Amino acid sequence: MSALIEFRDVCKFYQMGDSTVVAADHISMQIQRGEFVAIVGQSGSGKSTCMNIIGCLDVPTSGTYLLDGRDVGQMSRNELAAVRNELLGFIFQLYNLLPKLNLLENVEVPLMYAGMPRAQRRARAMEVLKQVGLEDKWKHKPNQLSGGQQQRVSIARALAGRPAVILADEPTGALDSHTSREVLGLLQDLHRQGNTVVLITHDNSIAVQAQRIVRLEDGRVVYDGDSHAPEAVVAPTLPGGELPLEAV
Amino acid sequence: MSFPLKLYETFALALKNIFSSKMRTFLTMLGIIIGVCAVIVIVGLGNGMANYMKDSFSELGTNLLSVRISGRGTPRSISEEEMYEIVADSPAYLDQISPTVSMQGVKIGTESSTTTSVTGVSEAYFDMKGYEVSQGRGLQYMDVLDRKKVCVVGSYVAQTYFSGDAVGQSLKVNGNKFTIVGVMAQQADEMEEGGTDDCVYVPYSTAARLTFTGTINSYTITLTDEDYASLGKQAVEDALYEVFRDSNAYTVSSMAEMLDTMTGMINMVIGILAVIAGISLVVGGIGIMNIMLVSVTERTREIGIRKALGAKEGVILRQFVIEAATTSALGGVFGIAVGYLLSAVATEVIATVMETAITVSPSAGAVLAAFGISAGIGVLFGYLPAKKAARLNPIEALRYD
């Protein structure tokens, strides 16, 4: 069986004025079904680019990205939207819930775009809200919840469409250490239930919660292997003070 | 695979967004409300005026032709008998004819009236005009033949000068004494000086002699049907041309044609005003476009989230177009409501201030068109902002704050 996610010599260049920024420099990797992988790197390492490509929000400049055997690089914007809806579940650093909708409606959004009938959609949304322990609060608006609770709603939303990959972009970046552990615990539960989880982070202490670490530096893979190996955790090149949300 | 999002879901989403900021929505709608309202009131006013004209003209008789012989540019003249023949020759369009000879100077007892009209007519005239005689008798053939000095007076004359008991009394026209043989039934809603009831009718032969009119040069002809106004007019004109060989020698005018001309002019004026009012609809549309552009910028992050979660460009486009169209159409509905209200108010105001009963009545067509145009404007002016939203790059949109 082929890998769920496969990068073959993926490159991504950005034009910044006169200079060309290489955000991904011949990255090749594979992620199998059921893996829990952390993609780690400092600001500017190319991990956001990596996450955008994995998440089908962007396409590589060159090289091939196969998701579930489909060549994403060749897809139109609408096809990408359909793939995102069907195969990917996003968890964002800042939750990205829609403030005017209640929790249930928020979780329903991806199902609505999948064309699921209303009754079925509600039932499924309630089911995943229950899974993250927020079924009692389904009528609340996101701003009535704590950060940790909001992140749980966004996990529920990511799960709702039974995606092939759960893609978490700095999911604990805005949370305190206690809630961070809770959210990571949830991700580990999801992994144990057989989901494929890809975690993007700059934080080694978060990354080690995954099974496997892919470390990026300057758009290149510098480590790919077991998260418990000592080489997986190298000292950060920039000591402290770094913004959790990196700019490309 | 995914199915197209149900339309009503998008619609529900649009309503949710519209009602989440009521004040802004209302202000956005205001342009459309004013535009639709203005169009409706103006068209209503036009309808009212056209109806008023129609009523006034049909009081004068839209099935009538009036013929004036000036004899200009020709030595030829035409006799009454020839005129009667012209009518008899076109029985399909023309029904009856009566000469009309105007006289002046009515004196009742010692009182003179300058407002009372005196007209010499044939015995058929009352029938042609639909006048009724309430007391005594009407004019008869013998009166005309013998040039009798008899007259029929309008109800105003009978009431004002004879206290309603006029038959058998007499009055003087141009110094000649006429015996009143009949009183007409009241014509207008209210009797007034100089109105349709302030009149005296005498035999035309008598009038012609007393005014020293050699040949009679004014006639009234009735049509078999008021739809034949142009055909009947044409028939009379053709016949008169045969006689005079000069189209300057006579004029034939029809009330129906005059009404048509007047109505046409009113409609044109109303049309121009409605177009000017319609410009405010366009201005309203631009207002909607402006707010939608702001809304798209404000909701960039929302759009990014929706796209990340799988919303296709068409879905985002439709969401924003429907939102704009719904705002605009709702504005249209309010505009129609306010328009009807203002029409009712305008009717009242006109009735009090101008003492004329013009009913401002918006036509169903104008209302439908106003609603359709307002919804259309929403789609038209909502498209550009919606396109902008649909084309947003999800990565940049997600990073926007």
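This text goes with the structure placed above it.
All figures in this text were calculated on a predicted structure; none of them were measured in a lab. (Residues numbered from 1 in each chain as written. Chains lettered and ligands numbered in written order. Predicted model: local features only at pLDDT ≥ 70, side-chain atom pairs only at ≥ 80, totals over all residues.)

Student: Outline the overall build of chain B, supporting the account with residue identities and numerical values.
Tutor: When helices and strands are counted, chain B shows 13 helices and 13 strands. Its C-alpha atoms put chain B at 105 × 50 × 35 Å along the principal axes. Counting all 401 residues of chain B, 43% fall into the buried class. Sequence separation of at least 24 residues holds for 83% of the intrachain contacts in chain B that already meet a minimum separation of 6. (Helix = DSSP H or I, 4+ residues; strand = E, 2+ residues; numbered from the N terminus. Buried ≥ 20, exposed ≤ 12 C-beta atoms within 10 Å, placed from the backbone. Contact = placed C-beta atoms within 7 Å.)

Student: Got a sec to walk through the nonpolar core? Specific residues and values, please.
Tutor: Grouped together as the largest cluster of nonpolar side chains are 125 residues, with contacts concentrated most on A:Ile39, A:Ala156, A:Val198, B:Val39 and B:Ile40. Beyond its immediate chain neighbours, meaning those up to four positions away, B:Val39 contacts B:Ala274, B:Ala277, B:Gly278, B:Ala366 and B:Ala370. B:Val101, B:Ile108, B:Val183 and B:Ile216 belong to the second-largest nonpolar core, a separate cluster that totals 31 residues. (Core = buried A, V, L, I, M, F, W, Y, C linked by C-beta atoms within 7 Å.)

Student: If you had to explain the packing of helix α9 (residues 255-298) of chain B against helix α12 (residues 364-390) of chain B to someone new, which residues and values would you point to?
Tutor: Any two packed helices are characterised by the angle at which their axes cross and by the distance between the axes. Residues and elements named next belong to chain B. Between α9 and α12, the least distance of the axes is 9 Å, while the angle of their chain directions is 30°. Of the possible angle classes, the one that applies to α9 and α12 is roughly parallel. Relative to α12, the crossing made by α9 is right-handed. Only Ile 373, Ser 374, Ile 377, Gly 378, Leu 380, Phe 381, Gly 382, Leu 384, Pro 385, Lys 388 and Ala 389 of α12 make contact with α9, whose side of the interface consists of Leu 281, Gly 284, Gly 285, Ile 286, Ile 288, Met 289, Met 292, Leu 293 and Val 296. Of the residues assigned to the contact of α9 with α12, the class counts are 14 nonpolar, five polar and one charged. (Axes fitted to C-alpha atoms, helices over the stretch in contact; angles between N-to-C directions. Parallel < 35°, antiparallel > 145°, perpendicular 65-115°, else oblique. Left-handed = near helix turned anticlockwise from the far one by under 90°. Nonpolar A, V, L, I, M, F, W, Y, C, P; charged D, E, K, R; others polar.)

Student: Talk me through unusual backbone geometry; I want residue IDs and the actual numbers.
Tutor: The backbone of A:Asp9 sits at a positive phi, close to 50°, despite the residue not being glycine. Its location among the elements puts A:Asp9 in strand β1 (residues 5-16). Positive phi is not limited to glycine here, since B:Ser163 has a value of about 50°. The topology assignment puts B:Ser163 in the loop between α6 (155-162) and β9 (170-173).

Student: Give a description of helix α4 (residues 118-131) of chain A that names residues and reports values.
Tutor: Residues and elements named next belong to chain A. Over its 14 residues, α4 runs 20 Å from end to end, which matches the ideal 20 Å to within 8%, given 1.5 Å per residue. Considered for burial, the residues of α4 that qualify are Arg 121, Ala 125, Val 128 and Leu 129. For α4, the angular spread of the buried residues around the axis is 105°, confining them to a single face. Opposite the packed face of α4, turned more than 90 degrees from it, sit the exposed residues Ala 119, Gln 120 and Ala 123. On its buried face, α4 is in contact with α3 (103-113) and α5 (147-160). In the segment just after α4, Gly 133 is the residue with positive phi, at about 75°. (Expected span 1.5 Å × (residues − 1). Arc of directions from axis to C-beta.)

Student: Please give an account of the sheet that holds strand β12 (residues 218-223) of chain B that cites residues and values.
Tutor: All names here are of chain B. A sheet is described by the order of its strands in space; here four strands give the open sequence β2-β12-β1-β13, paired in antiparallel fashion. In this open sheet, the two strands that pair with only one neighbour each are β2 (94-99) and β13 (250-254). When strand polarity is set aside, the average angle formed by the axes of neighbouring strands in this sheet is 20°. Strand direction decides the pairing type here: strand β1 (residues 64-69) and β12, joined by five bridges, are antiparallel. Within β12, the residue paired with Leu 64 across the bridge is Thr 222. Docked against the sheet, helix α3 (residues 80-89) engages β2 and β12, running at close to 165° with respect to β2. Packing against the sheet, helix α8 (residues 229-244) makes contact with β1, β2, β12 and β13, and its axis sits at approximately 170° to β13. (Pairing = 2+ DSSP bridges.)

Student: How would you explain the pairing of β12(B) if you had to name every residue and give the values?
Tutor: Along a regular strand, successive side chains alternate from one face of the sheet to the other. Residues and elements named next belong to chain B. Most of β12 sits inside the fold, with five of its six residues counted as buried. The sheet contact formed by β2 and β12 spans four bridges and is antiparallel. The residue of β12 that forms the bridge with Ser 98 is Thr 220.

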